[in-house]
Structures are given as C-alpha cells and as structure tokens.
Amino acid sequence: MSYKLKYIKLALLLLMGSNALAQITVQSPYSKFGVGNLNGTTLPQQRSMGGISAGVFRSSYISNINTGNPASYAGIGLTTLDIGLSGDITTLKSNSLSERSFNSTLSHVAMAFPVTSKSSLSFGLLPYSELGYNFKNTVNIGGRSFDHIYAGEGGLSKAYLGYGIQFGDHFRIGANAEYLFGNLIQSTSTENADAGSFNSRSQHKNNIGGLTYSYGAQFDFKLNNKTSLIIGYSGSAPSSLKSKTSIVNTIYLKNSVGEELSALDTLDHVVNNSSNMKLPLLHNIGFSIYKENKWLFGADYRIGKWSDFRLDGTNQNLTDTYGVSVGGQFTPDVSAINGYFKRVDYRLGFSYDKTYVQINNTDVKQMAITVGLGLPLSSSYGRSSFYKMNFGTEIGKRGSLTNGLVKENYINFRLGFMLNDRWFQRFKFD
C-alpha cells in the first residue's frame, strides 16, 4: 500500500500548489479581452480528439476522467489519477512583423474513485483561462512621438468536486461544484521617446474567487453487443463571482538606455474595492459511437452567452460564441501480446470556434487539427493496475491578417500520466 499512499500525497501536494496553474502566462493579444483565452475543460485524451466530451462515456478498457461531462464519472470503475503538463509554441504575425514565444506549465491534476458500482466521485485542479500579452501602438502628436504600451498577465484556475451516477442501464447524470480563482492584471502605459520625459502608467488588477456549477447527462443506446450510441449534454450555470479590484496610477522616468526607474509619484491608489464578475450560461451537446475496445467517433456543438459577461459591472462588448468538435480514436488490437503498437490508442480530431472577441467588426475565429496517442505502460500482476501515457498535439490558428488583426499560429503539446488501480478495498491476504 505504500506506493498508493505516495500517489495520494503527490496528488494532494500538486492540488495545494495551485499557484502553478494560477500564474499561467501566454503571449496572445486576444487574451486582453474578457477573462483571457479560454482553455477548455478536457484532459489530453479528449483534446486529442478535437475536444469532444458531451457524448464520451468510455473510450477504452481502463477508466478515463472526462471532466467535460460529469455524468461520465458514473463509468469509472477503478481509482484513477491523471497528472499532466503542457507546452505552447505561438507565432504572432501582422502585416510587417513576426514574433515567436514558448510557454510551459503544469496543466492539470485530476482524481476519481468509485463510490458504488454505478457512481463515482472526482476532484481536481484545471486551468480555466490564460492571460498574457505585451504590445504597443506609436502615435505622433505635435511632432512628438508617444508609445501606448498594453500589457497583461495572469489567468484563472478551476478546482472542482464532482459526482456522477447511473440509473438503470442507460441513463446517467452528474454535476461539478467548481471554485474559480486567480488574478487578471492589466496595465496601460504612455511613454515619450525623449529621455527625461515623464511617463504614466495605469495598472488594473482583479483578484477573482467564487463558486460556479456545471452539470451533464448521458443516454446510451445499444446498437449491438459491442457497439453503443451515446447522446450527451453538459452545461455551466450563469454565476456571479467576487472580484477585489486594485487600481494604481503612477508617474515614472526612464534613463538614457531605456531602463525604467522607480516611480516618482502615485497619482491614485484604490486597493481591494469589492465588485463582481458575471459568467454566462454555456451549453454543449454531442454524441459518440463506441465499439468496445476498438474505436470511437463523436462530435460536439457548443454555444456560450458571453454577451452577458460583466466585470466590475461593465459590459466588455464580448459576443456570443459557438463551436464544433469532431474526432475519434482507434485501437488495432487491445489484447495483442506481440506488437506493442497494436495496443496503442490513435486519436485524431478537428475543432472550430468563433471566440467572444470582435475587433473592427471582424469576429476572431480559431480552428485546430489535433492528433494524439494513448501509450499503455506496464500493468501489475493480475492486471488490477493499469498505467497509460496520453500525448496530444494541437496545430491551429487564431485570428487573421484582415482589418488590422493579428494572426496567431500555435502548436500546443499536452502530456498526461494516468494510473488506474484498485484502492480502498479490503483483501484477505496482502
């Protein structure tokens, strides 16, 4: 039992070390709007299939945590631990400039275990949104050049506790209680190119924290002894979260080589002013067709009422979102004794989203092709424990070069380590 206790301690330490997720930073000018770039709710195995989740119940003989639809928790038959990392390569392009950046972070910690033969509990920590940008706009006023510099960092993380239960042989429901938290820090600076000139900066920080809820349902139809059609729905309720707002306006100088000196004066200082952030209603509906231990194919359609979003009581002119995901998985021979690659899960998918950002009357859209592998690792004697490494890649783009927009090309890497084992059971012999 000692190695099992080590896994529990590791999961708890990662959950307590929540700053690893709360301080996510990207390089995307579109993260300036709303709560930043939304991360999605699925783990690497679903992301590799385009992000399908609403109708995904089982995808292999071992248990997977599908955080996108809590109704699916009902199918988890073994204690499951999933820990992952992520890395992102982003290339920003305008009509005349190009810039590349790389960021990496702990991406998720999730755990689930069965409560009864038809119900399971899950909890974990996931990224919710990512905020990070730094760009400037130069203007000429009265023959003098001024730089308006816009910068932001931070993001939101989600700690969740969920439960899923099955009624009869075909119907499941589930729900998550989720605590969203993190900082959104944004600043605007005005600088004069002349040495010794006074510069100004306004920094706006929102410290967010509060409860929200998500829920889901699934119904499956047996097409034959080994093939099922699963119809699923998941959604998030509109929520109002607490926000403590701090605003600091300062005057500062730069030296002859452009290094910023200490602030000369603080013009205005507002600390921990209580406000709120209103999140919108979200819907996701989908299906999957699953042949036991062989293949899976599915699709999702999602919408979000982001025009209802408010931060500090202000409508940020976000637009409603919609998106689709299509994807699947194929395993040549899950029971193959010879030929390791016959037991590998091969995944492929596609996703398309109209984001909530609109600039110059142009919607910012994103799309991606996803590929991935589920690599089985050695199992214990008697096959009561299973280990798998899930690797996925998203190759996509956000925005375009029309109407003064910026085009983002990105490659996202997701790596997850998953353990299935029989815990919390009493044995006659040890």
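In this text the structure is predicted, and so the values were computed from the model without any measurement.

## Comments concerning the overall build of the protein
- Assigned secondary structure in the protein consists of three helices and 19 strands.
- By residue count, 48% of the 430 residues in the protein fall in the buried class.
- Only carbon and sulfur atoms are counted for the fraction: they give 58% of the accessible area of the protein, which is about 20700 Å².

## A look at the nonpolar core
- Core analysis: the biggest nonpolar cluster contains 20 residues, and V35, M277, L279, W306 and F309 have the highest contact counts within it.
- Among the elements of the structure, β4 (119-141), β6 (171-192), β10 (260-279) and β16 (345-359) are those that each provide at least two residues to this core.
- Ranked by residues supplied to this core, first place goes to β4 with three residues.
- In this structure, F309 is in contact with G34, V35, M277, K278, L279, T314, N315, Q316 and L318, ignoring residues within four places of it in sequence.

## Focus: the pattern of salt bridges
- This structure, assessed with the given rule, holds eleven salt bridges.
- With a closest N to O distance of 3.5 Å, K305 and D320 form a salt bridge. You can see K305 sitting in the loop between β12 (295-304) and β13 (310-311) and its partner D320 sitting in the loop between β14 (314-315) and β15 (321-330), a full 15 residues away along the chain.
- Of the residues examined, K305 reaches a relative accessible area of 38% and is grouped as partly exposed.

## Examining the side chain of T212
- Turning to its location among the elements, T212 is positioned in strand β7 (residues 199-222).
- In this structure T212 comes out as buried when scored by relative accessible area, which is 5%.
- Here S239 takes part through its side chain, which lies 2.6 Å from a polar atom of the side chain of T212.
- With sequence-adjacent residues up to four places away left out, T212 is seen in contact with N176, A177, E178, L180, A237 and S239.

## Let's talk about the environment of N199
- Relative to the elements of secondary structure, N199 occurs in strand β7.
- Separated by 53 residues in sequence, N199 and F146 have C-alpha atoms that sit 9.6 Å apart.
- Beyond its immediate chain neighbours, meaning those up to four positions away, N199 contacts T190, E191, N192, T250, I251, Y252, L253 and K254.

## Things to note about the environment of S200
- Tracing the backbone shows S200 in strand β7.
- According to the relative accessible area criterion, S200 is partly exposed, its value standing at 30%.
- Linking S200 and L253, residues 53 residues apart in sequence, is a C-alpha distance of 8.7 Å.

## Digging into the pairing of β6
- Both strand β5 (residues 144-167) and β6 contribute to a ladder of 22 bridges, which runs antiparallel. The residue bridging F167 from the neighbouring strand is F171, located in β6.
- Hairpin connection of β5 to β6: three residues between the antiparallel strands, including G168 at a positive phi of 70 degrees.

## Focus: the packing of aromatic side chains
- Tallied over the full model, the rule gives ten aromatic pairs.
- Where Y179 meets F181, the ring centres are 6.0 Å apart and the plane angle is 25 degrees; that geometry is what we call stacked.
- Accessibility expressed as a relative area gives 16% for F181, which makes it buried.
- Relative to F309, the ring of W306 lies with its centre 5.8 Å away and its plane at 45 degrees, an arrangement referred to as tilted. Considered together, W306 and F309 belong to a single accessibility category, that of buried residues.
- Chaining the aromatic ring pairs together yields one cluster made of Y133, F135 and Y150.
- Sitting above the plane of the F57 ring, R172 keeps its charged end 3.5 Å from the centroid.

## Notes on the side chain of N284
- Locating N284 in the fold gives a position in strand β11 (residues 282-291).
- At a separation of 3.2 Å, a polar atom in the side chain of N284 contacts the side chain of D300.
- Discounting chain neighbours no more than four positions away, the residues touching N284 are S53, A54, G232, Y233, S234, D300, Y301 and R302.

## Examining unusual backbone geometry
- Backbone geometry at D312 places phi at a positive 55 degrees, although glycine is not the residue there.
- When you line up the elements, D312 lands in the loop between β13 and β14.
- In this model, N317 sits at a positive phi of 60 degrees, which is unusual for a non-glycine residue.
- Following the sequence through the fold, N317 ends up in the loop between β14 and β15.
- Judged by its relative accessible area of 63%, N317 falls in the exposed class.

## Remarks on the environment of G286
- Structurally, G286 can be placed in strand β11.
- Among residues more than four places away in sequence, those in contact with G286 are A54, G55, I230, I231, G232, A299 and D300.

## Things to note about the pairing of strand β3 (residues 98-116)
- Pairing between strand β2 (residues 79-93) and β3: 14 bridges, direction antiparallel. What sits directly across from T90, in β3, is S101.
- In sequence, β2 turns back onto β3 through a hairpin of four residues.
- Where β3 and β4 come together, seven bridges link them in antiparallel fashion. Pairing of T116 across the sheet is with S119, part of β4.
- Hairpin geometry of β3 and β4 is characterised by an intervening segment of two residues between the two adjacent antiparallel strands.

Scoring rules and cut-offs
- Here, residues in each chain are numbered from 1, in the same order as that chain's written sequence.
- Reporting of local features is limited, given that this is a predicted model, to residues whose pLDDT is at least 70; pairs of side-chain atoms are given and counted only at 80 or more, and all residues count toward the totals for whole chains, interfaces and linings.
- Working from all heavy atoms in the structure, the side-chain values ignore hydrogens and water.
- Helix and strand assignments follow DSSP, with helices taken as H or I runs no shorter than four residues and strands as E runs no shorter than two, numbered in order from the N terminus.
- Under the scheme applied here, a residue whose accessible area is under 20% of the maximum for its type counts as buried, over 50% as exposed, and between as partly exposed, the area being computed with a 1.4 Å probe on protein chains only.
- Accessible surface area values rest on a Shrake-Rupley calculation with a 1.4 Å probe, where residue burial reflects the displayed protein chains alone.
- By nonpolar core is meant a set of buried Ala, Val, Leu, Ile, Met, Phe, Trp, Tyr and Cys residues that side-chain atoms within 4.5 Å join together.
- In what follows, a contact means two residues having at least one pair of non-hydrogen atoms within 4.5 Å.
- Put simply, a salt bridge is a Lys or Arg side-chain nitrogen that is within 4 Å of an Asp or Glu carboxyl oxygen.
- Any pair of N or O atoms that falls within 3.5 Å is considered a polar contact. Within protein, one atom must be able to donate a hydrogen and the other to accept it, and sequence-neighbouring residues count only if both atoms are side-chain atoms.
- Two strands qualify as a pair provided that DSSP identifies no fewer than 2 bridges between them.
- For Phe, Tyr and Trp, where Trp contributes only its six-membered ring, two rings pair if their centres lie within 6.5 Å, and the inter-plane angle classes them as stacked under 30 degrees, edge-to-face over 60, or tilted in between.
- Whether a charge lies above a ring is judged from NZ of Lys or CZ of Arg, which has to be within 6 Å of the ring centre and within 35 degrees of the ring normal.

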